[in-house]
Amino acid sequence: MELFRQHRPELEEKLHSGALRYVVEWWEEDCLDIDENAHIFFQFEGDGEYLWDFVTPRQIHNELNDLLAIAGISWEYRFELHFGSNILYPPGLAGQPYYEKAPRSTEKWWERMFDYLTGNDGEQWVRRKGLPLP
């Protein structure tokens, strides 16, 4: 929450500039080690691959809603148990997933067994193919 509040004035300025490319809400795989698994990121023209990524606890819902309203985005806090994503902006892509599973390289049986035994399922998520570049 502190990070969001610290960067809010800069985000407001960027939103007013019209340089917004993507707003995406996404969720980590939920587990007992983390308090909140919901995130939201902003990507602007000229920021390259830099993402303004914030954890979104329910306590900042109203503040985040006010910020998103600048870009005409309506948002409600959601909880998801498993990794996922949802594009909020641009409007033409709203509601679609942003991330997709990356294809796994062929592994030897012992590498798969090691991943299984260490709790690393090996899933990797990447930006969905076919989305316009920022």
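Shown above is the structure to which this text applies.
The rules behind these values
- Residues numbered from 1 in each chain as written.
- Predicted model: local features only at pLDDT ≥ 70, side-chain atom pairs only at ≥ 80, totals over all residues.
- Heavy atoms only, no water.
- Phe/Tyr/Trp six-rings, centres within 6.5 Å; stacked < 30°, edge-to-face > 60°.
- Helix = DSSP H or I, 4+ residues; strand = E, 2+ residues; numbered from the N terminus.
- Buried < 20%, exposed > 50% of the residue type's maximum accessible area, 1.4 Å probe, protein only.
- Polar contact = N/O pair within 3.5 Å; in protein donor to acceptor, adjacent residues only side chain to side chain.
- Contact = heavy atoms within 4.5 Å.
- Axes fitted to C-alpha atoms, helices over the stretch in contact; angles between N-to-C directions.
- Parallel < 35°, antiparallel > 145°, perpendicular 65-115°, else oblique.
- Left-handed = near helix turned anticlockwise from the far one by under 90°.
- Nonpolar A, V, L, I, M, F, W, Y, C, P; charged D, E, K, R; others polar.
- Pairing = 2+ DSSP bridges.

### Brief notes about the packing of aromatic side chains
Counting across every chain of the model gives nine aromatic pairs. Geometrically, the ring pair formed by tyrosine 22 and tyrosine 98 is edge-to-face, given 5.4 Å between the ring centres and 70° between the ring planes. Highlighted residues: tyrosine 22 in strand β1 (residues 20-27) and tyrosine 98 in the loop between β4 (84-89) and β5 (99-101), separated in sequence by 76 residues. Of the residues examined, tyrosine 22 reaches a relative accessible area of 2% and is grouped as buried. Aromatic ring contacts, followed pair by pair, group Tyr22, Trp26, Phe41, Phe83, Tyr98 and Tyr99 into a single cluster.

### Quick word on the side chain of asparagine 86
Mapped onto the secondary structure, asparagine 86 falls in strand β4. Judged by relative accessible area, asparagine 86 falls into the buried class, the value being 10%. Among the polar contacts made by the side chain of asparagine 86, one reaches the side chain of glutamate 25 at a distance of 2.8 Å. Residues within four places of asparagine 86 in sequence aside, it is in contact with Val23, Val24, Glu25, Trp27, Arg78, Gly95 and Gln96.

### Notes on the environment of glutamine 96
Considering the arrangement of structural elements, one finds glutamine 96 in the loop between β4 and β5. When the C-alpha positions of glutamine 96 and arginine 128 are compared, they lie 10.0 Å apart, and in sequence the two are 32 residues distant.

### Quick notes on the environment of glutamine 43
Looking at where glutamine 43 falls in the secondary structure, it is placed in strand β2 (residues 38-44). A C-alpha to C-alpha distance of 6.5 Å links glutamine 43 and valine 23, two positions 20 residues apart in sequence.

### With respect to the packing of helix α1 (residues 2-17) against helix α2 (residues 61-69)
Across the interface, α1 lies against α2 with an axial gap of 10 Å and an inter-helix angle of 15°. When the axes of α1 and α2 are compared, the pair comes out roughly parallel. Between α1 and α2 the crossing geometry is left-handed. For the pair α1 and α2, the contacting residues are Phe4, Arg5, Arg8, Leu11, Glu12 and Leu15 in the first and Glu63, Leu64, Asp66 and Leu67 in the second. Per-class residue counts for the contact of α1 with α2 are five nonpolar, no polar and five charged.

### As for the sheet that holds β2
Sheet strands pair via backbone hydrogen bonds, and the direction of the pair is either parallel or antiparallel. Here four strands make up an open sheet; going across it, the order is β3-β2-β1-β4 and the pairing antiparallel. Both outer strands of the open sheet, β3 (52-55) and β4, are each paired with one neighbouring strand and no more. Within this sheet the neighbouring strands show an average axis-to-axis angle of 20°, counted without direction. Against the sheet, α1 contacts β1, β2 and β3, and its axis sits at roughly 140° relative to β3. Strand contacts of α2: β1 and β2, with the helix running at about 25° to β2, the strand carrying the most contacts.

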